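An overview of the molecular structure
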Amino acid sequence: MSKHTIVVCDHIHDAGLEILQNTEDVNYVYAADIDKVALLDVIKDADVAITRSSTDVDEKFLNAATNLKAIIRAGVGYDNVDMEGCSKRGIIAMNVPTANTIAAVELTMTHMLSCMRKFPYAHGQLKDQRIWKREDWYGRELYGKKLGVIGFGNIGHRVALRAKSFEMDVITYDPYIPSTKATDLGIKYTTNFEDILDCDIITIHTPKNKETIDMIGEEEIAKMKDGVVLINCARGGLYNEDALVNNLKSGKIAMAGIDVFKKEPATDHPLLDLPNVTVTAHLGANTKESQREISVQAANNAIESARGIAYPNALNLPIDESKIPSFVKPYIELTQKMAFLIAQSDKTEIRSINIAAEGEIAEYLESLETFATVGALAVSTEDINYVNANFIAEEKGIEITTSKFSNHSGYQNKVSIKFTTSKGVQTISGTVFNDDVQRIVELNGFALDIEPQGKMLIMRNEDVPGVIGEVGKTLANSNINIADFRLSRQKDGALAVILIDEKASSNVIKELENIQAAKSVAYAEI
Ligand SMILES: NC(=O)c1ccc[n+]([C@@H]2O[C@H](COP(=O)([O-])OP(=O)(O)OC[C@H]3O[C@@H](n4cnc5c(N)ncnc54)[C@H](O)[C@@H]3O)[C@@H](O)[C@H]2O)c1
Ligand SMILES: O=C(O)CC[C@@H](O)C(=O)O
């Protein structure tokens, strides 16, 4: 079996490492404890790399990583990844966008409360100096204060909601969202940045990019209230650090709560010398819950991308994901999985692929086409990705077409894929329920309701008594446990999708094919 090399460049939770270690077709390399120069040597063998914010994915890294197909940023911010460099080399970069949201939100609230009550200093006086001097610690309350939230995404909007429960007066500035996203939650919305500068406390939750670097500097601070409190649990450099230091020294800024620094690790930073700062060492994502979840998601996504099955949360696709509404994303993933499933169950030359969509999703057929092509070709073509999929399909002479239908099957949105191969025609359709529950609802004309996940046998058979028993016996003889058995019946026969715990060998498939009522048996894995 050929193995995919996955290199873990930074510390991630053991739960993800165990997944990598226990995956048969993965050669897992733990490189978190070696220095970044030695990493350049290790990374040359990597098919996929997992990094956190401690590893810069820069020109040097990418030049060394000559095999790399995908990179997973085990976190949200990807300002340390040279995205253009990845795209030029056909490397797909992905992040894990929501697993640490709550951790970052709660650290933001921690800094806010710590600044208002000078908590670390009061704590230090009693614990380290053994001084009981209550008159030193008259803090201020969050209650009734005006909070400005810059960036109303996953973290910003949750910080705003928590601040509301402290009965704060909350206003947000985020020109990239509809105002109703805030106002529906009872939070004021502004497109005038000056409204934020007028707040008692300001917290920032934007990505770090050309537009947001130094978003708050001397000029903006000069317009703020005397005694303002500033919180930054997003990225160092969003607040100009020199301006921050100057104004903390002068007392214009009463307190700052800082988790992130322009240059990290920051053990010799002027902010650390000031008495009116609470600091943490980029701990926004550091909860056990969040690190476990990030690590598990990063490991699973690394395995899927190494196998070419899916690239969840890809950041540098030929299509601009930021322009795709969130309801489309699960359809994109589902489309790729469905194409991958069909291609596995009919391992033969593909002549044409048609991708049809109905409902609002039909507006995004172009994106679905790329993903279906990747899924279809991943079985037979090494190194297929979104950047080269259409080119490779053309080279292989596969005709790819799309069709758009108005809503006619009763589903709000549905995607169908039709493969014409040298053996005949295969069809598959799927939909998404409740925003993100992906389901295959049709396979070769048979109605179904199955999750596109796991190891599965797809069996066509005559609809006669005893088939299920014979299948069960055959699998049991090979010590294969059945996790689920879905049957669909029609006049001319039945189709079963059997989810199994172990991979079915070619011998097992032959034995199933030998069942008298069996018409065809295929194995697929997603
Ligand atoms: N301290 C930590 O450990 C930690 C943990 C997680 C995330 N982060 C940082 O927090 C950032 C935000 O995370 P998120 O999950 O909320 O991301 P998100 O993508 O859900 O939200 C970012 C929001 O910022 C808005 N935005 C972008 N440019 C803006 C601008 N110029 N002005 C105002 N708003 C702007 C976007 O419209 C979006 O709503 C990440 O990019 C990451 O750098 C830090
Ligand atoms: O823990 C990390 O690597 C960084 C976490 C955080 O800054 C992120 O962007 O997700």
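Residues numbered from 1 in each chain as written. Chains lettered and ligands numbered in written order. Predicted model: local features only at pLDDT ≥ 70, side-chain atom pairs only at ≥ 80, totals over all residues.

Next up on the list: the environment of N80. Mapping N80 onto the fold places it in the loop between β4 (70-73) and α4 (83-88). Remark: the alpha-carbon pair of N80 and R351, spanning 271 residues in sequence, is separated by 42 Å. Not counting chain neighbours up to four residues away, the residues in contact with N80 comprise S53, D56 and V57. (Helix = DSSP H or I, 4+ residues; strand = E, 2+ residues; numbered from the N terminus. Contact = placed C-beta atoms within 7 Å.)

Mapped onto the fold, A306 is located in helix α12 (residues 288-307). Residue A306 is classed as buried on the basis of its 22 C-beta neighbours within 10 Å. Taking the C-alpha atoms as reference points, A306 and S250, 56 residues apart in sequence, are found 53 Å from one another. (Buried ≥ 20, exposed ≤ 12 C-beta atoms within 10 Å, placed from the backbone.)

Before going further, it helps to examine the packing of helix α1 (residues 14-21) against α12. Helix packing for two helices is described by the angle between their axes and how far apart those axes are. One can describe the packing of α1 onto α12 by two numbers: an axis separation of 7 Å at closest approach and a directional angle of 25°. Between α1 and α12, the angle falls in the class roughly parallel. The handedness of the crossing between α1 and α12 comes out as right-handed. Here α1 contributes A15, G16, I19 and L20 to the contact with α12, which in turn contributes R292, S295, V296, A298, A299 and N300. Within the contact of α1 with α12, the residues separate by chemical class into six nonpolar, three polar and one charged. (Axes fitted to C-alpha atoms, helices over the stretch in contact; angles between N-to-C directions. Parallel < 35°, antiparallel > 145°, perpendicular 65-115°, else oblique. Left-handed = near helix turned anticlockwise from the far one by under 90°. Nonpolar A, V, L, I, M, F, W, Y, C, P; charged D, E, K, R; others polar.)

The full set close to ligand 1 counts 31 residues, and G77, G151, G153, Y176 and G284 are the nearest of them. Listed by contribution, the elements that provide at least two residues to the shell around ligand 1 are α5 (101-117) and α7 (154-165). Ranked by the residues each element gives to the shell around ligand 1, the list is headed by α7, at three residues. Looking at the shell around ligand 1, its residues break down into 14 nonpolar, twelve polar and five charged. (Near = placed C-beta within 6 Å.)

This part is about the nonpolar core. Membership of the largest hydrophobic core comes to 150 residues, with the highest contact counts inside it found for I6, A49, I50, I71 and L457. Ranked by the residues each element gives to this core, the list is headed by helix α13 (residues 329-345), at nine residues. The residues touching I71, leaving out its near neighbours within four places in the chain, are A49, T51, V57, V81, C86, I91 and A93. (Core = buried A, V, L, I, M, F, W, Y, C linked by C-beta atoms within 7 Å.)

Another point: the sheet that holds strand β12 (residues 277-279). Reading across the sheet, the seven strands line up as β8-β7-β6-β9-β10-β11-β12 and stay open at both edges, with parallel pairing between neighbours. With partners counted over all chains shown, the strands left at the sheet margins are β8 (188-190) and β12, one partner each. Looking at each pair of strands side by side, their axes are set apart by 15° on average, direction ignored. Here three bridges tie strand β11 (residues 253-258) to β12, and the two strands are oriented parallel to one another. Within β12, the position partnered with A256 by the bridge is V277. With respect to the sheet, α7 is in contact with β6 (146-150), β7 (169-173) and β9 (201-204), its orientation differing from that of β7 by roughly 165°. (Pairing = 2+ DSSP bridges.)

Of all five residues that make up β7, four are buried, and the element is covered over most of its length. In this sheet, β7 lies alongside β6 in parallel orientation, the contact comprising five bridges. Bridging from a neighbouring strand, I150 pairs with Y173 of β7. Handedness of the crossover joining β6 and β7 through α7 is recorded here as right-handed. In this structure, β7 lies alongside β8, joined through three bridges in parallel fashion. Note that in β8 the partner of T172 across the bridge is Y189. (Right-handed = clockwise from strand over helix to strand, strands pointing away.)

Turning our attention to the sheet that holds strand β18 (residues 446-450). On the basis of which strands lie adjacent, the open sheet formed by six strands has the order β14-β13-β15-β16-β17-β18 and mixed pairing. With one partner strand each, in any of the chains shown, β14 (399-405) and β18 form the two edges of the open sheet. This sheet shows a mean twist of 20° between the axes of neighbouring strands, independent of strand direction. Looking at chain direction, strand β16 (residues 424-433) and strand β17 (residues 437-443) are connected through six bridges and run antiparallel. Note that in β17 the partner of I428 across the bridge is L443. The strands that α13 touches are β13 (350-358), β15 (414-421), β16 and β17; relative to β16, the one it contacts most, it runs at about 155°. Where helix α14 (residues 365-378) meets the sheet, its contacts fall on β13, β14 and β15, and the angle it forms with β13 comes to roughly 145°.

Moving on: the packing of α5 against helix α6 (residues 119-127). As a packed pair, α5 and α6 sit with axes 6 Å apart at the nearest point and diverge in direction by 60°. Side by side, α5 and α6 meet where L113, S114 and R117 of the first sit next to F119, P120 and A122 of the second. Counted by class, the contact of α5 with α6 contains four nonpolar, one polar and one charged residues.

Turning next to unusual backbone geometry. Of note, the bond from E264 into P265 is cis; its omega dihedral lies within 30 degrees of zero at 0°. Counting through the fold element by element, P265 comes out in the loop between β11 and β12. A positive phi angle, close to 45°, is found at N434, a residue other than glycine. Checked against the element boundaries, N434 lands in the loop between β16 and β17. Look at N434 and you get exposed, because 6 C-beta atoms sit within 10 Å. One non-glycine residue, D435, lies in the positive phi region at around 75°. With respect to the element layout, D435 can be found in the loop between β16 and β17.

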